[in-house]
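Observations on chain architecture
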Amino acid sequence: MFKKDPVQIIAFQTYGTSNRVYLRGRAIEDESINLEQKSVLKLLINAWKRFETDEVKHAELSVSLGDNHVFYTKTDERGYFLLDEIVDDISEYQDDEGWVRFEFSFKNKIVKRLIQSENKFSAHMLIPCKSANFGVISDIDDTILHTGIVSMFKWRVLFNTFLKSAGKRLPLEGAAAFYKLLHKGKEEHEANPIFYVSHSPWNLYRYLDYFLKQNNFPNGPIILRKFPSVFKRKPKDEKPEKQKEIINLLKSYPDLKFILIGDCGEHDPDIYIEIAQVFPNRILAIYLRSVKHKKKMLRVSGLFNDYKTTPVLLVETSEEAIEHARKSGFVL
């Protein structure tokens, strides 16, 4: 008999309000993935482990906040959970940056299984500070992390995802500095929230979280997507998951305006222009990184030719975006 791996709760960094607790994550077996592995064989093994997860189905979880708040949730068939509850004001639990710390645990003992971390797993939810002047919603792939989405046959995507450790991945030049400026804002202490929204699957959450921390990007919720079910056909008129997540953010903070950052490689231009049209007074600016693909750049340029509602900047470098942000009064 093979020895079963210990189980754990991975709570994704998420966002909420002083009256809404919104927590997401997954209960899975610990596959002992080393994000700093360097050998090709071990990198391939780690990549396999990220996508071939052994989930803990229908597990009851308890969630505590301080000494007086306890919530309950349950994992689904794939080990995911979502806790979404209206609560009394919990702003007293915020730190200076707006983060609130929760603690997860398995409610019931899992038979013949070792539970990691003495059955205590931290979770962090961001409530934007009152000092925030705006929020930032940013893509990850080819916006701050080079993936090769527009490369021939997507071979660079496969190479970077499976054959490079998170610690060896390099951010696009100047991206971290730009995001730090946006986070500080014009007053240097605004604590403007940064939300990282990607089309990547949740399986890459820890990989991307590690990359952002290693490269000194501002801390912020990372919002990814589940792998779609092979048995469920998506309606033709259904919006992309990424677009729905961005709309949820705008609805969660109706008094906060946003800057959208993405790239010209895939669907960001179409998603962002539609969002700006639906929420014309909520989007301060749209920054789109240029890609080395003539046909895609021509299409995006044409998309915004007659668009005047929101400032849109197609940028080659982070310095161009910083200069525009300074002129617009977003940063010092």
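Attention in this report is confined to the structure presented alongside it.

Next up on the list: the overall build of the chain. A count of helices and strands for the chain gives eight helices and 14 strands. The buried share of the chain, taken over its 332 residues, is 51%. Once local pairs closer than 6 in sequence are excluded, the contacts in the chain between residues at least 24 apart make up 73%. Approximately 17600 Å² of the chain is accessible, and the part contributed by carbon and sulfur atoms is 53%.

Pairing within the open sheet is mixed, and its five strands lie in the order S2-S8-S7-S4-S5. Lying at the two open borders of the sheet, with one neighbouring strand each, are strand S2 (14-15) and strand S5 (69-74). As judged from the six bridges shared by strand S4 (residues 60-65) and S5, these two strands associate in the antiparallel manner. Directly across from Leu 61, in S5, lies its bridge partner Thr 73.

Attention now goes to the sheet that holds strand S6 (residues 80-86). Pairing is antiparallel across the open sheet formed by three strands, whose spatial order is S1-S3-S6. At either margin of the open sheet sits one strand with a lone partner, and together these are strand S1 (7-12) and S6. The average undirected angle you get between the axes of adjacent strands in this sheet is 25 degrees. Here seven bridges tie strand S3 (residues 20-29) to S6, and the two strands are oriented antiparallel to one another. When the sheet's bridge partners are listed, Val 21 is paired in S6 with Glu 85. Here helix H4 (residues 205-214) sits on the sheet and contacts S1 and S3; the angle it forms with S1, its principal contact strand, is near 55 degrees.

Now for the packing of helix H5 (residues 241-252) against helix H6 (residues 268-278). The description of two packed helices rests on the angle between their axes and on the distance between the axes. At a closest axis distance of 10 Å, the pairing of H5 and H6 adopts a crossing angle of 35 degrees. Viewed along their axes, H5 and H6 form a crossing whose handedness is right-handed. Facing Lys 242, Gln 243, Ile 246, Ile 247 and Leu 250 of H5, the residues of H6 in contact are Asp 268, Ile 271, Tyr 272, Glu 274 and Ile 275.

All right, on to the pairing of strand S13 (residues 283-289) then. Across the seven residues that make up S13, a large majority, six, are buried. Sheet topology places strand S12 (residues 258-263) next to S13; six bridges connect them, and they run parallel. If you follow Ile 259 over to S13, its bridge partner there is Ala 285. One crossover worth recording links S12 to the parallel S13 by way of H6, and it is right-handed. Bridge count for S13 against strand S14 (residues 312-315) is four bridges, and the pairing is parallel. Residue pairing in the sheet places Leu 288 in a bridge with Leu 314 of S14.

Calculation notes
- Residues numbered from 1 in each chain as written.
- Predicted model: local features only at pLDDT ≥ 70, side-chain atom pairs only at ≥ 80, totals over all residues.
- Heavy atoms only, no water.
- Helix = DSSP H or I, 4+ residues; strand = E, 2+ residues; numbered from the N terminus.
- Buried < 20%, exposed > 50% of the residue type's maximum accessible area, 1.4 Å probe, protein only.
- Contact = heavy atoms within 4.5 Å.
- Areas by Shrake-Rupley, 256 points an atom, 1.4 Å probe, with all protein chains shown as cover.
- Pairing = 2+ DSSP bridges.
- Axes fitted to C-alpha atoms, helices over the stretch in contact; angles between N-to-C directions.
- Left-handed = near helix turned anticlockwise from the far one by under 90°.
- Right-handed = clockwise from strand over helix to strand, strands pointing away.

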